[in-house]
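Residue-level structure breakdown
Here is what each chain is made of, one letter per residue.
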Amino acid sequence: MFAIQLGDSGEDAALRPLEPWQAGEFLAHMDRGREYIGRYIGLAAAATDLDSARAFLQSYAEKQAADAGRIYGIWLDGTLVGGVLFRTFDAAAGNCEAGCWLEEAAVGRGLVTRATRALIDWAVDERGMHRVEWLVASANTASVNVAKRLGMTRDAVLRESNPYRGVRHDMEIWSVLAREWREGR
């Protein structure tokens, strides 16, 4: 298995594949961060017991096998605290959508930004992706700020397009093109 070190200033942080055999660890992580993670995304509701956690991770194993998506965990001091993923990945069209989540205890360390940079580097440099998108609820300022730190451009605001937990949320589409990514490094 590989790991990409994300730590800054001696911090023990790593990005590694997140696989179905890690369902117990993934579920424990979701249980610790369920309320915080679930404020803007449905991931916390997708893994509520061991079977659903395993099924969620299996769905990404199948996406990876089909070259249609991938999921990676972020470990801090040996504990799974978040992750990044390609929710969609269309190599033929050269478009993908990246996303993230993080437990509240790991916020403010730059882990998501560094992990997403590694994903985008791989998508652009190794897979030849042309466009990487980032979809985010407008109220999720932490995720909007990640998009900004990554040098993405806000393409659109889809007003009240996402019904979530009984509220309609504005969704923003951010993106970076391969040439912009290369120039920004």
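Above this note sits the structure.
Because the structure is predicted, anything quoted here is derived from the model rather than measured.

**What about the pattern of salt bridges?**
According to the stated counting rule, one finds 13 salt bridges in the structure shown. Salt bridges here are not isolated pairs; linked through shared partners, they connect Glu11, Arg109 and Arg114.

**Brief notes about the packing of aromatic side chains**
Per the counting criterion, the structure on display carries seven aromatic pairs. Their ring planes at 50° and their centres at 5.3 Å tell us that Phe56 and Tyr60 sit as a pair that is tilted. Residue Phe56 and its partner Tyr60 are both found in helix α3 (residues 50-65); the two are separated by four residues, about one turn of the helix. Residue Phe56 is classed as buried on the basis of its relative accessible area, which comes to 15%.

**Thoughts on the sheet that holds strand β4 (residues 79-90)**
The eight strands are arranged β1-β2-β3-β4-β5-β6-β8-β7 in an open sheet whose pairing can be described as mixed. Single-partner strands in this sheet number two, and they are β1 (4-5) and β7 (153-164). Of the strand pairs in this sheet, strand β5 (residues 95-102) and strand β6 (residues 131-137) are connected by four bridges, and their pairing is parallel. Looking across to β6, one finds that Glu97 is bridged to Glu133. Its contacts with the sheet put helix α4 (residues 111-125) on β1, β2 (13-17), β3 (70-76), β4, β5 and β6, and the angle it makes with β4 is roughly 35°. Packed onto the sheet, helix α5 (residues 141-149) meets β5, β6 and β8 (167-177) and runs at close to 155° relative to β6.

**Some remarks on the side chain of Arg131**
On the secondary structure map, Arg131 appears in strand β6. Engagement of the side chain of Arg131 in a polar contact is seen with the side chain of Asp155, the distance being 2.6 Å. The contacts of Arg131, once residues within four sequence positions are left out, are Gly94, Asn95, Cys96, Asp155, Ile173, Ser175, Val176 and Leu177.

Calculation rules
Residues numbered from 1 in each chain as written. Predicted model: local features only at pLDDT ≥ 70, side-chain atom pairs only at ≥ 80, totals over all residues. Heavy atoms only, no water. Salt bridge = Lys/Arg side-chain N within 4 Å of Asp/Glu carboxyl O. Phe/Tyr/Trp six-rings, centres within 6.5 Å; stacked < 30°, edge-to-face > 60°. Helix = DSSP H or I, 4+ residues; strand = E, 2+ residues; numbered from the N terminus. Buried < 20%, exposed > 50% of the residue type's maximum accessible area, 1.4 Å probe, protein only. Pairing = 2+ DSSP bridges. Contact = heavy atoms within 4.5 Å. Axes fitted to C-alpha atoms, helices over the stretch in contact; angles between N-to-C directions. Polar contact = N/O pair within 3.5 Å; in protein donor to acceptor, adjacent residues only side chain to side chain.

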